[in-house]
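# Architecture at a glance
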Amino acid sequence: TSALIQLQHRREAAVDRYDPASLAVGDLRTAMLDQETGVRGFALTGDRAFLDPYESGGQTGDADLAELDRLLEGSDVADDQLATARQAVDEWRSGYAARAVLGTAPGGSRLGEVFLQESRAAFDQVRGAIDELDAAITAERDDALEEWRSAFQTVVVVGLISVVGLVAVGVVI
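Residues numbered from 1 in each chain as written. Predicted model: local features only at pLDDT ≥ 70, side-chain atom pairs only at ≥ 80, totals over all residues. Heavy atoms only, no water.

## Description of the environment of Ala 14
Just so we agree on the cut-off: Only DSSP runs of H or I covering at least 4 residues are called helices, and only runs of E covering at least 2 are called strands; the numbering of each starts at the N terminus. Partly exposed describes any residue whose relative accessible area lies between the buried limit of under 20% and the exposed limit of over 50%, with all areas from a 1.4 Å probe on protein chains only and scaled to the type maximum.
Summarising the element assignment, Ala 14 is placed in helix α1 (residues 2–45). Given the relative accessible area of 3%, Ala 14 is considered buried. As a C-alpha pair, Ala 14 and Arg 141 span 127 residues in sequence and 5.3 Å in three-dimensional space.

Right, dumping it as structure tokens:
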């Protein structure tokens, strides 16, 4: 029974926790790219239509971060990487995206090339932090799958020993 419980816990870790977390990281990456594209388009043109993906990406990104919080609760490695990714996202949003939105007038950019380069570098940090989070989740998922395989092998061995034991008892009786 203990081996079956361990098998169930290991399966849940891989399938119910890390697989959805990996999908949420992909969604977060997409949401952040939408935001960056929208901000850059708005900064270069002043056309407010570019802010639609920025705003929707912000809502989606926040939902993805909340989902990752829920899924990775108690997972030390991924939790640390999630905090780093969240910090990079927040710094880019407040340090560059918000300033770009406020600093651009309709009809043209008032932001200099230096600001846009700094924003690009800050977004590269966001991208890197999300990639590190994804790698941490993948590593934890791989560990969980290895533990699941080990638990499965234990269940098989215990089952075979039980069958052999029952056959031996039957022969003795």
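## Observations regarding the packing of aromatic side chains
As a reminder of what qualifies: Only Phe, Tyr and Trp rings are paired, with Trp represented by its six-membered ring, and only when their centres lie within 6.5 Å; those with planes under 30 degrees apart are stacked, over 60 edge-to-face, the remainder tilted. To sit over a ring, a charge needs its Lys NZ or Arg CZ within 6 Å of the ring centre and within 35 degrees of the ring normal.
With the rule as written, the count across this model stands at 1 aromatic pair. Their ring planes at 65 degrees and their centres at 5.2 Å tell us that Trp 92 and Phe 123 sit as a pair that is edge-to-face. With a gap of 31 residues between them, Trp 92 in helix α3 (residues 76–102) and Phe 123 in helix α4 (residues 113–172) connect regions that are remote in the sequence. If you follow Arg 99 out to its NZ or CZ, it ends over the ring of Tyr 96, 5.6 Å from the centre.

## Here's the deal with helix α2 (residues 51–71)
Our working rule: By this rule the span expected of a helix is its residue count minus one, scaled by 1.5 Å. It is the directions from the helix axis to the C-beta atoms that the arc portrays.
With 21 residues, α2 extends 30 Å between its outermost C-alpha atoms, agreeing within 8% with the 30 Å of an ideal straight helix rising 1.5 Å per residue. Taken as a whole, α2 has its buried residues at Leu 51, Tyr 54, Gly 57, Gly 58, Gly 61, Asp 64, Leu 65, Leu 68 and Leu 71. Looking down the long axis of α2, one finds its buried residues gathered within 155 degrees of arc, a one-sided arrangement. Looking at α2, the residues exposed on the side facing more than 90 degrees away from the buried face are Gln 59 and Arg 70.

## Concerning a nonpolar patch on the surface
Rules: Patch building starts from residues that exceed 30% relative accessible area and form no salt bridge, then joins like charges within 9 Å and nonpolar side chains (Val, Leu, Ile, Met, Phe, Trp, Tyr) within 5 Å. Per-residue and other accessible areas were derived by the Shrake-Rupley procedure at a 1.4 Å probe size, with only the shown protein chains allowed to occlude residues. A side-chain nitrogen of Lys or Arg and a carboxyl oxygen of Asp or Glu constitute a salt bridge if their distance falls within 4 Å.
A cluster of nonpolar side chains, contributed by Trp 148, Phe 152, Val 156 and Leu 160, occupies part of the molecular surface with about 360 Å² of accessible area. Residue position: Leu 160 is located in helix α4.

## Considerations on the nonpolar core
Definition in use: Take the buried residues of types Ala, Val, Leu, Ile, Met, Phe, Trp, Tyr and Cys, join any two whose side-chain atoms come within 4.5 Å, and each joined set is a nonpolar core. Only heavy atoms enter the contact rule, under which two residues are in contact if any of them lie within 4.5 Å.
Among the nonpolar cores identified, the biggest contains 37 residues, and Met 32, Leu 68, Leu 72, Trp 92, Val 126, Leu 133 and Ile 137 are the most heavily contacted of them. When contributions to this core are tallied by element, the ones reaching two or more residues are α1, α2, α3 and α4. Of all the elements, α4 adds the most residues to this core, at 11 residues. Discounting residues that sit within four places of it in the chain, Leu 68 has contacts with Ala 21, Ala 24, Val 25, Leu 28, Leu 82, Leu 133 and Ile 137.

## Observations regarding empty space enclosed by the protein
What counts, and what does not: Space inside and on the surface of the protein is sampled on a 1 Å grid over the protein atoms alone, with a cavity defined as a set of points where a 1.4 Å probe fits but cannot get out and a pocket as an open set with protein on both sides within 12 Å along at least 5 of 7 lines; lining residues have an atom within 4 Å of a point. Grid points are joined across faces, edges and corners, and a volume is the space filled by probe spheres set on the points.
Inspection of every chain in the model, using the stated rule, returns 1 cavity of 30 Å³ or more. Reported here for the largest cavity is a volume of approximately 50 Å³. Listing elements by their share of the lining of the largest cavity, those giving two or more residues are α1, α3 and α4. Among the elements that take part in the lining of the largest cavity, α1 stands out by supplying 4 residues, more than any other.

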